[in-house]
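Commentary on secondary and tertiary structure
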Amino acid sequence: MAGALVVVMILGPAAPGAAQAEDPRLREIQQQRAEVQAKLDQLLQEIAALDAENEDIDAELQVLEQQRQEHQDQADTADSALAAQVRKSYMHGSIDSGLSILTSDSPQHAAEQAQFLHMLARRQRAGYEDATAAGTRTQVTAEQVALSAQRLEGRQQELHKAREEAERLVAEATAEEERIKATIAEEEAARRAESRAAPASSGGGAGPSASVNGNVACPVGQPRSYSDTYGAPRSGGRSHQGTDILAPQGTHIYAYENGTVTRTDSNRLGGISLYLQGDSGNLYYYAHLSGYVGGVNPGMRVNAGQHIAHNGMTGNAPVPHLHFEVKPGGGGNVNPYPYVARACG
């Protein structure tokens, strides 16, 4: 996740009635949620930047290691050549002309030998200089690798701290959301009891399905936060192709519209993932799941709002979230933010 984040909301409303909507306590709670959202969005931006930098440094390390090996190979080749007999005798360019004459049949032949030995000496001096230069480059590159490794370790530690802080904020916000829901439920039950002058019946909790609005449902349950990061840069020249919906580990994941599960998969980037072919023709991609609901398999028909999976952080996800993509007509990607905003509010 990287780039400028557009704040939506971290926690959905606790669905109070009209009377509770005017309660000053509710306004205070909403203000607290906004403050948590601001902190969380800042952390998400830091995490996105650190995650992208980690990938860049890792790529840089691979290039430096390759360069270091190439330089080392060059130095090894030059050293092998310098180990030959000619290097031992002539690498400094001193030619014993008497030696040439002793091994020659004639003065002309001796002159030719001397000229040839001079040429060999020059070549060997050049080889020695190449070997020295390659060794120097190897040392410099090795130092760059060590510095980059230190930078990477430092960034990974920062990312770990930021991730822990984000998870702490989400946990606190989730606990507060549950407390708010319980308080509102108790008050509403008390009002009903007073109005009927009888004990309130136990109204069940939320059902297994999400609410459907205009034939679509939010793909992630409450509490959640989502931001418009479509097209944000990624390392290696990639760009973000989805909308990230942050939610606690294990939060319910729902079918966006009526359709068919066409594929369940697991890969290095997306982790545990799922493809949903909607009846509208649109293809939806869900990534970083922690697992599927029992019975969800390719070919299964699902309805909008049906519980199909659980939120997670598999693949390259720094925090628990759903990476959600939309491919109209099963073609290329488009910005899914308007689709998410339509369904999730």
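The model shown is predicted, which means the values in this text are computed figures rather than measured ones.

Things to note about the overall build of the protein
- Tallying secondary structure elements over the protein gives six helices and nine strands in all.
- By residue count, 38% of the 345 residues in the protein fall in the buried class.
- Across the protein, contacts joining residues at least 24 apart in sequence account for 70% of those joining residues at least 6 apart.
- Of the roughly 18100 Å² that the protein leaves accessible, carbon and sulfur atoms contribute 52%.

Focus on helix α6 (residues 337-344)
- For α6, the full list of buried residues reads Tyr337, Val340, Ala343 and Cys344. Each buried residue of α6 lies within a common arc of 135° when the element is viewed along its axis, so the set occupies one face.

Some words on the environment of His160
- Topologically, His160 is positioned in helix α5 (residues 107-196).
- Judged by relative accessible area, which is 41%, His160 ranks as partly exposed.
- In sequence terms His160 and Leu50 are 110 residues apart; their C-alpha atoms lie 9.9 Å from each other.

A look at the side chain of Arg224
- Structurally, the position occupied by Arg224 is in the loop between α5 and β1 (225-227).
- A polar side-chain atom of Arg224 sits 2.7 Å from the main-chain carbonyl oxygen of Val220.
- Reaching out from Arg224, the side chain makes a polar contact with the backbone oxygen of Cys344 at a distance of 3.3 Å.

What to know about the state of the cysteines
- Evaluation of the coordinates by the stated rule reveals one disulfide.
- Each sulfur in the disulfide pair Cys218 and Cys344 lies 1.9 Å from the other. On the sign convention where negative is left-handed, the bridge of Cys218 and Cys344, at about 90° about the S-S bond, is right-handed. Taken together, the residues Cys218 in the loop between α5 and β1 and Cys344 in helix α6 connect sequence positions 126 residues apart.

Digging into unusual backbone geometry
- With an omega of -10°, the peptide bond running from Gln222 to Pro223 counts as cis.
- As for its position among the elements, Pro223 is in the loop between α5 and β1.
- One non-glycine residue, His288, lies in positive phi territory at about 70°.

Notes on the pattern of salt bridges
- Here the structure, examined in full by the defined rule, presents three salt bridges.
- Ionic pairing is found between Arg263 and Asp265, a salt bridge with its closest N-O pair at 2.8 Å.

Analysis parameters
Residues numbered from 1 in each chain as written. Predicted model: local features only at pLDDT ≥ 70, side-chain atom pairs only at ≥ 80, totals over all residues. Heavy atoms only, no water. Helix = DSSP H or I, 4+ residues; strand = E, 2+ residues; numbered from the N terminus. Buried < 20%, exposed > 50% of the residue type's maximum accessible area, 1.4 Å probe, protein only. Contact = heavy atoms within 4.5 Å. Areas by Shrake-Rupley, 256 points an atom, 1.4 Å probe, with all protein chains shown as cover. Arc of directions from axis to C-beta. Polar contact = N/O pair within 3.5 Å; in protein donor to acceptor, adjacent residues only side chain to side chain. Disulfide = S-S within 2.5 Å. Salt bridge = Lys/Arg side-chain N within 4 Å of Asp/Glu carboxyl O.

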